Amino acid sequence: MVSRTAAALTAATPAIAEAHFRAEAHPYHPERRPDGYLNLGTAENRLLGDLLAELAAELPPFTEPDTRYAPLHGTAVLRERIAELLTTGYRAPVDPEHLVLVSGASAALDVIATALCDPGDAIVLPAPYYGAFDTDLGGRSGARLIAAALDPADGFALDPAPLDRALRLARRIGTQVRAIALASPHNPLGQVYSAEQLTRLAELAAEHRVALIGDQIYAHSVFGPRPFTALEALPTAAARHTVWGFAKDFGLPGFKAGVLHTTDPAVLAAARALAYFAPVSTGTQAVLAALLADPARTAAFLAENRRRLGASAAAAADQLSRHGIPHRVAEAGCSLWIDLRDRLPEPGFAGERRLWHDVLDRLRVNVLPGGAFHSPEPGWFRLCHPLDPALVAEAIARLGTLPVHAAAVRVAAAVDGAR
C-alpha cells in the first residue's frame, strides 16, 4: 500500500512526460531507424549544442570544494550571478537574497504552491496552460487548479474577465483561492504579454487579494517584436512570486536548476526550508556560476539563442503553411500552437484524442493535443520546433497527410461563425 498522495501522483503522470519518453526511446533516423518517432512534443531547445560545447571548453576545471555541502537554497556566488542576469532581463532589481535555487523549474513551482496553499486551496490559471502545471502546482501541495477559459476567437488573448468570473465563483462556493498563475511568455501559445495586459492581471489579483505566480522560464527566449515584461517590473500591490531556470534559455534541461524569486519574508523562509528536499548539486552550481561569470559572453549567448529560435519558428511556420496547417504566430519559446480542427475524425475532445493517437501511433509524430493544456476548444495541438530543421520538416510533412474531414470542417466553421 502507498499513501493517497503517492497514488495520486502515480495516476497523474503528465501526458507530456509519457509521450516524451516513448518517442525518445525509439527516435527517427532516415536511414538507421525510419520507423522511429519524430519528437515535436517536447519543449526542449536543441539548437545550442555547438555554443554549449564552446562554453564548456572555457569553463574552469572541477575542484575539490565543488564536492562539498553548500547552502541548500543555492551558493552565494551563483545566486549573485543569477540576480545580475535577471535584473538585466527583467529590467527590475532582483536581490540575490530573494532567490531560492532548487532542482528545476518544476521543483520551484512545487515549492511556491506548497508555501502558499493548504490542501484544497485553489490556484486560478488562464487556459490553455502548460499541462504539467497540474502536477507541478497541485501534485504535492494539494492545491486545486481552476482553469479560466480564454476565447479562441481572439487568439486566446489574455483577458481578465474569465479569471474574475472564476475567482468570484470560487468565493461563492467557499473555495479559498491563493493565487493566479500563468506562464509568461506563454507555453504553449508562444505569446508575449504587454505591460498593459499584465498590469490588468496584477490589478485583478490585488482586487481579489491573491498572489501572482509567474512561470518566466522563457524570459530570455523572446524573438518577436514585443519586449518581455517581467512581473517584477509591474507597479502593483499584488504579491508576486516568479520562477525561472536554465532549461530553456540556456538549453540545459538536464542540469535541473530552477530558481524562485520572492520578496515576501514568510514565503522566502518557507521556500528555503523546502529547498532541503530539492537541492541542486554543488558541482552543478559551480558549473552554472562559471557559465554566468562573464556578462558580455552571456548576453551574446542569449542573443544568439533568440536569433536561432526566431529562425526555427519561422521555418516551421513556413512548413505548416505549405502543408495547409493553420497556426498561431509565436513570439517566444519553443512551440507553435497549430490548428488541426479540420482533421478531427469526430467532434469534441474524443475526436482530438483519436487524432492524437493516430498521429503518434501511425505517423510516428509526437505533438501534444490541446486537451493536455486544458484548451477550451478541441483540435489544437502544440508543436515544438527547436531541433534539426530536417526532422521538423519531415514531421510536418507527415501531419500534412492527415485527411480533412468534411464534418469537422463544418463544425469548425459553425464555431467560428458563432463568435
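For the structure itself, consult the block above.
This write-up is about the structure you can find in this document. (Residues numbered from 1 in each chain as written. Predicted model: local features only at pLDDT ≥ 70, side-chain atom pairs only at ≥ 80, totals over all residues. Heavy atoms only, no water.)

Let's talk about unusual backbone geometry
Applicable threshold: Secondary structure elements are defined from DSSP: runs of H or I of at least 4 residues count as helices, runs of E of at least 2 residues count as strands, and each element is numbered from the N terminus. Burial status follows relative accessibility: with a 1.4 Å probe on protein chains alone, a residue under 20% of its type maximum counts as buried, one over 50% as exposed, and anything between as partly exposed.
Each neighbour pair has its own omega, and for Ala127 with Pro128 the value is 10°, a cis peptide bond. Relative to the helices and strands, Pro128 is located in the loop between strand E3 (122-127) and helix H6 (133-138). Look at the link from Ser184 to Pro185: it is a cis peptide, with omega at -5°. Tracing the backbone through its elements, the reader meets Pro185 in the loop between strand E5 (177-183) and helix H8 (195-208). Despite not being glycine, Phe156 has its phi angle at roughly 55°, a positive value. As for its placement among the helices and strands, Phe156 is situated in the loop between strand E4 (144-149) and helix H7 (160-172). Given a relative accessible area of 0%, Phe156 falls into the buried group.

Points about the pattern of salt bridges
In plain terms, the rule: For this analysis, a salt bridge means a side-chain nitrogen from Lys or Arg found within 4 Å of a carboxyl oxygen belonging to Asp or Glu.
Taken as a whole and judged by the stated rule, the model has 21 salt bridges. Put simply, Arg22 and Asp361 hold a salt bridge, and the shortest N to O gap is 2.5 Å. Here the residue Arg22 occupies a position in helix H2 (residues 15-25), and Asp361 occupies one in helix H12 (residues 348-361), the gap between them amounting to 339 residues. When its relative accessible area of 36% is taken as the criterion, Arg22 is described as partly exposed.

Here's the deal with the nonpolar core
The condition that has to hold: The term nonpolar core refers to a set of buried residues drawn from Ala, Val, Leu, Ile, Met, Phe, Trp, Tyr and Cys, joined through side-chain atoms within 4.5 Å. Note on contacts: a residue pair qualifies if any of its non-hydrogen atoms lie within 4.5 Å across the two residues.
Formed by 71 residues in total, the largest nonpolar core has its most connected members in Ile123, Ile338 and Leu399. Looking at which element gives the most residues to this core, the answer is helix H5 (residues 105-116), with 8 residues. Setting aside anything within four residues of it in sequence, one finds Leu399 in contact with Ile325, Ile338, Val359, Leu363, Val365, Val367 and Leu383. Among the nonpolar cores identified, the runner-up in size contains 32 residues, and Leu99, Phe250, Val259 and Ala289 belong to it.

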